[in-house]
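In case you want the letters, here they are:
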Amino acid sequence: MSAIALGATLYVPVLRSNLLDVVSGSNPDLRSIVVCLEDSLRDDQVEEARAAFVEFLGRMKTLGNRITVYVRPRDIQMLHWMLALPNINAIDGFVLPKVETSNVAQWLAPMTGHDHKFMPTIEGAEAFDRNALEQLCRQLMPFQERVTAIRIGGNDILNVLGVRRSKGRTAYDGPLGNVIRDMAATFIPAGFAVAAPVFEHYASLDLLQAEVEQDLEHGLLTKTAIHPSQIPVIHGCYQPSTDEVLEARSILDKDARAVFASAGSMCEPATHRRWAGNVIARLQQFAAKNDEDDNVSSIMVA
């Protein structure tokens, strides 16, 4: 699965009573979830969570159509335990928490004997260290085809500084801004996707929309969600506009001129081709904002 196909990935605690309903598609907008056995649990809930996870795997076998399911183990030992469970192939992949240069090899070792996709989460002090990020990128390169996205653990990163994100500004206006830019600049050119961090103030949907628009400007095409109300906002931002689709198709046209004008902007296939490909990928996954427009609805994606 591509990162963009995940859409807004909702984190759901494993002890949530309606977990199976969520997986079964009770929310028609939801495409993917992460079943969490890490920060969403107190220490005294771990054994209960293990039992719930085993039961969840068994019941997953009975489901027909379902959304994409990743699981976030508490630590490396729990990952080993999960991989040994008889029904573990019922899930699609794993989110690996608190990945660092010093422990990434330990996280990757148990994955070599399995086919699951996975998403490493960078959420410690190394998020502020461009050299460490570049080393992590090199360490992950042999697994690139299996890495759905690199996840940014925004709240844990801010915890390193002892701060919390503002309720009145996007992540790009605070300490996370440089972290997101550095992670995008390190991993995306190397061929990895990067997932945008969670927007925890779920009542501020207008600000969430502004942040997702900035995510897109930085090349982040999937985002962590923590509340169902965030899902349609995120997916709405992922829908390309009519002008974006028409420009993208023109840029990707095999007979496109080297430079041409479109709606008051310069289009240059040599430098805009990758952007255009992302627009078409968004169109394929989320349709267009003005879906009733004949110019867009008649477009056939090659």
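For the structure itself, consult the block above.
Note that the structure is a prediction, hence the values are computed from the model and not measured.

Asks: Whenever I open this one, the packing of aromatic side chains confuses me. Can you help?
Replies: For any pair of aromatic rings, the description consists of the separation of the ring centres together with the inter-plane angle of the planes. Inspection of the entire model under this criterion finds 5 aromatic pairs. Judged by centre distance (6.0 Å) and plane angle (70°), the rings of Phe118 and Phe143 are edge-to-face. One end of the pair, Phe118, is in strand S5 (residues 117-122); the other, Phe143, is in the loop between helix H6 (130-140) and strand S6 (150-152), and 25 residues separate them in sequence. The residues Phe118 and Phe143 share a single accessibility class, namely buried.

Asks: Mind showing me how you'd approach the nonpolar core here?
Replies: In this structure, Ile33, Leu37, Phe53, Phe94 and Phe187 are the most contacted members of the largest nonpolar core, which totals 78 residues. Filtering out sequence-adjacent residues up to four positions away, Phe53 remains in contact with Val14, Leu37, Val71, Trp81, Met82, Leu85 and Ile88.

Asks: So what exactly am I meant to see when it comes to the environment of Asp29 here?
Replies: By secondary structure assignment, the location of Asp29 is in the loop between helix H2 (19-23) and strand S2 (32-36). Residue Asp29 is classed as partly exposed on the basis of its relative accessible area of 38%. Ignoring anything within four residues of it in the chain, the contact list for Asp29 reads Ile231, Pro232 and His235.

Asks: What exactly am I supposed to notice about the sheet that holds strand S3 (residues 68-72) here?
Replies: Whether parallel or antiparallel, the strands of a sheet pair through hydrogen bonds between backbone atoms. A sheet is described by the order of its strands in space; here 8 strands give the open sequence S7-S6-S5-S4-S3-S2-S1-S8, paired in parallel fashion. The sheet is open, and its two borders are formed by strand S7 (194-195) and strand S8 (223-225), each paired with just one other strand. Note that S3 and strand S4 (residues 93-96) share 2 bridges and pair parallel. Note that in S4 the partner of Val71 across the bridge is Phe94.

Asks: Quick question: what am I supposed to make of the pairing of S2 here?
Replies: Working note: regular strand, side chains alternate between the two faces of the sheet. The buried fraction of S2 is high, at 5 of 5 residues. Of the two faces of S2, the one holding Ser32, Val34 and Cys36 and the one holding Ile33 and Val35 are both buried throughout. Here strand S1 (residues 8-13) runs beside S2; their pairing, made up of 5 bridges, is parallel. Its bridge partner being in S2, Tyr11 is matched across the sheet by Val34. The sheet contact formed by S2 and S3 spans 5 bridges and is parallel. Its bridge partner being in S3, Val34 is matched across the sheet by Tyr70. Between the parallel pair S2 and S3, the chain is carried across by helix H3 (residues 46-60), and the sense of this crossover is right-handed.

Rules and cut-offs
Sequence order as written defines residue numbering, which begins from 1 separately in each chain. Restriction of local features to residues with pLDDT of at least 70 applies here, the model being predicted, together with a cutoff of 80 or more for giving and counting side-chain atom pairs; totals for whole chains, interfaces and linings are based on all residues. Hydrogens are left out, water is left out, and the side-chain values use all remaining heavy atoms of the structure. Between 30 and 60 degrees the pair is tilted, below 30 it is stacked and above 60 it is edge-to-face, where a pair is any two Phe, Tyr or Trp rings, Trp via its six-membered ring, whose centres lie within 6.5 Å. Comment: elements are numbered from the N terminus, with helices defined as DSSP H or I runs of at least four residues and strands as E runs of at least two. Only protein chains enter the area calculation, which uses a 1.4 Å probe; residues under 20% of their type maximum are buried, those over 50% are exposed, and those in between are partly exposed. Residues grouped as a nonpolar core are buried Ala, Val, Leu, Ile, Met, Phe, Trp, Tyr and Cys residues, joined through side-chain atoms within 4.5 Å. Only heavy atoms matter for contacts: two residues are in contact if any of them lie within 4.5 Å across the pair. By definition, two strands form a pair when at least two bridges between them are found by DSSP. When the strands point away from the viewer and the path from the first strand over the helix to the second turns clockwise, the crossover is right-handed.

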